[in-house]
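Commentary on secondary and tertiary structure
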Amino acid sequence: MNADRLALWAALLGLLCSASAPTQTVRIDAAAKGEPFPHVWEKAFGSGRAALSLRESWRRNLDTVRAAAGVEYVRFHAIFHDENGVYSRDKEGKPVYNFNQTDRIYDGLLQHGVRPYVELSFMPRQLAAGPVFHPFWYRPIVSPPADYRAWGDLVEAFARHLVARYGIDEVAGWYFEVWNEPNLDFWAGEPKFDTYMRLYEASAAALKRVSPRLRVGGPATAQAAWTGRFLNECAQRNLPADFVSTHVYANDRPLDVFGVDGPVDRRTMLPRALEKVFQEVRRSARPATPIHWSEFNASYMNEPEVTDSSYIGPWLAETIAAARGRTELMSFWTFSDDFEEQGIFQSPFYGGFGLINPLGIPKASFHVFRLLHLLGDEFLPGGESNALVTRRRDGRIVVALWNYAEPGQAGPDRTFTLTGAPAGAALIHRVDPEHSSAYERWKQMGSPRSVSPEQQRELEAVAAPAPPERCSVGGGKLTVTVPAHGLAVVELGVH
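As the structure is a prediction and not an experimental result, all values here were calculated from the model. Here the residue numbering is sequential within each chain, running from 1 through the sequence in written order. Residue-level local features of this predicted model are given only where pLDDT is at least 70; pairs of side-chain atoms are given and counted only at 80 or more, and the full residue set underlies all totals for whole chains, interfaces and linings. To get the side-chain values, all heavy atoms of the structure are used, and hydrogens and water are removed first.

The salt bridge criterion pairs a side-chain nitrogen of Lys or Arg with a carboxyl oxygen of Asp or Glu, the two atoms within 4 Å. Counted under the stated rule, the structure contains 36 salt bridges. Glu177 serves as the salt-bridge partner of Arg75, at 2.7 Å between the closest nitrogen and oxygen. Placement of Arg75 in strand 4 (residues 73-77) and of Glu177 in strand 8 (residues 175-178) is noted, with a sequence separation of 102 residues between them. Take Arg75 and Glu177: they sit in the same class, and that class is buried. Put simply, Asp169 and Arg213 hold a salt bridge, and the shortest N to O gap is 3.0 Å. With Asp169 in helix 5 (residues 168-171) and Arg213 in the loop between helix 6 (192-210) and strand 9 (216-221), this residue pair connects regions lying 44 residues apart in the sequence. Salt bridges sharing partners connect three or more residues here, namely Arg49, Arg55, Glu83, Asp338 and Glu340. Helix numbers and strand numbers start at the N terminus; a helix is a DSSP run of H or I with at least 4 residues, a strand a run of E with at least 2. Note on classification: 1.4 Å probe, protein chains only; a residue is buried when its accessible area is under 20% of the maximum for its type, exposed when over 50%, partly exposed between these limits.

Let us look at the sheet that holds strand 18 (residues 469-472). Pairing between strands is defined by DSSP: at least two bridges between the two strands are required. Pairing in this open sheet of seven strands is antiparallel, and the strands run 2-13-14-15-20-17-18 from one edge to the other. Both outer strands of the open sheet, strand 2 (35-36) and strand 18, are each paired with one neighbouring strand and no more. Across six bridges, strand 15 (residues 397-403) lies against strand 20 (residues 486-494) in antiparallel orientation. In the sheet register, Asn403 faces strand 20, and the bridge partner there is Gly486. Contacts: residue pairs with any heavy atoms within 4.5 Å of one another. Orientation is described by axes fitted as lines to C-alpha atoms, over the contacting stretch for helices, and by angles from 0 to 180 degrees between their N-to-C directions. Docked against the sheet, helix 11 (residues 312-323) engages strand 14 (387-391), strand 15 and strand 20, running at close to 125 degrees with respect to strand 15.

Now for the sheet that holds strand 12 (residues 329-332). Taken in spatial order, the eight strands close into a barrel running 3-4-7-8-9-10-11-12, and their pairing is parallel. Across the sheet, the mean angle from the axis of one strand to that of its neighbour is 30 degrees, orientation sign disregarded. With four bridges joining them, strand 4 and strand 7 (residues 115-120) adopt parallel strand pairing. The residue of strand 7 that forms the bridge with Arg75 is Tyr117. Contacting strand 4 and strand 7, helix 3 (residues 100-111) runs over the sheet at an angle of about 145 degrees to strand 7. Against the sheet, helix 11 engages strand 11 (291-297) and strand 12, with an angle of about 170 degrees to strand 11.

This is how it looks when you write it as structure tokens:
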């Protein structure tokens, strides 16, 4: 092939690539009136179980996440688990309450700058109707109480102790959620809804006896279940419900969430579930009740290509765009891979839910939250799909751009042209397979199940925040190309 024909083939190939690569224009009107855009997605984070919070590594990871995102609350299971020694009986069968361990747990949260999102669970063995264990590694008891009044007494004693220790003004800023996922195997009562409502009634009454300012809610269901039914039942029985809470994961089955067998894929599960629950609550007898998603993630399974990779960036950006105006609080499950529901970790990257892996190495998901924290608290028009335009309190326009592709699958780059960009420079922050993704480097190492000190240092270097690109904006235009599984957050008007 001579040089001329080679040049012709190269030109044709360039045209083909240009034709196949998606392009998109994002029109920015910096003077447009904005709408509120609270950062609901970073307001709370989940953890495994309460006792994990006593670990130095857990608290160090919390500090790291809190420095990068706006976390206000942490929620975990099992504050009443027997490993915390909360409940026993004396020789005469009278209850003995012991809150020394829970004090250490909540003292630690407050000292590290976050408040508890209290999940009232699980059942102390001496209060349980029977020894019904959940299969989690730490074996929580998911039985109903043998005596619902005794359960209420425990909740009341617990709340009185919290108020005495921390003061009503502090504790009134917490949330108290009754149990966890009672529609699944986390609750052995039958029928599930009716017995859960007995537990809720006993819990809510106990908290309100301590102070009407204590905020209680539920049903903390999996699969976006029971929200409207729960509020209607509360209204019928005249029970308090300061918020309604539920969970959803992007790989939940459509049949479980919507009652139909598809077509809802991982990309659209969260947006559709958010809308379903929003409409359900608005149609209920308590339509103004705040909605909490007290657990959410892109997977409830251990899928490294989902939760360890940069896939989470485009997925989360689309989720928060859909969440605008549909919820008051979301709690990402979880902030750390200090987590033992399935036992001790067996690999540095195993598809853990957290933002920081078991070795303390920030994952791509950590940097995704760090970048999305840069967004403003005013939503501006112009974003449409794959883009989100915001204005920050300092007046700077901040735009999120993303390129969604299914987990583990390749895809073409997506090129965005931003028009109407304010004068000045732009800072482009990135998370993608080539930026701040230690998982990709670990795979290049051969996916070792344990890493050497040298490999650890190499992974830590990759996981360090990538410095932003600085570029000039010419004539109000800026072009940004984002690879598949990539998220770019662009700060405009930088001087």
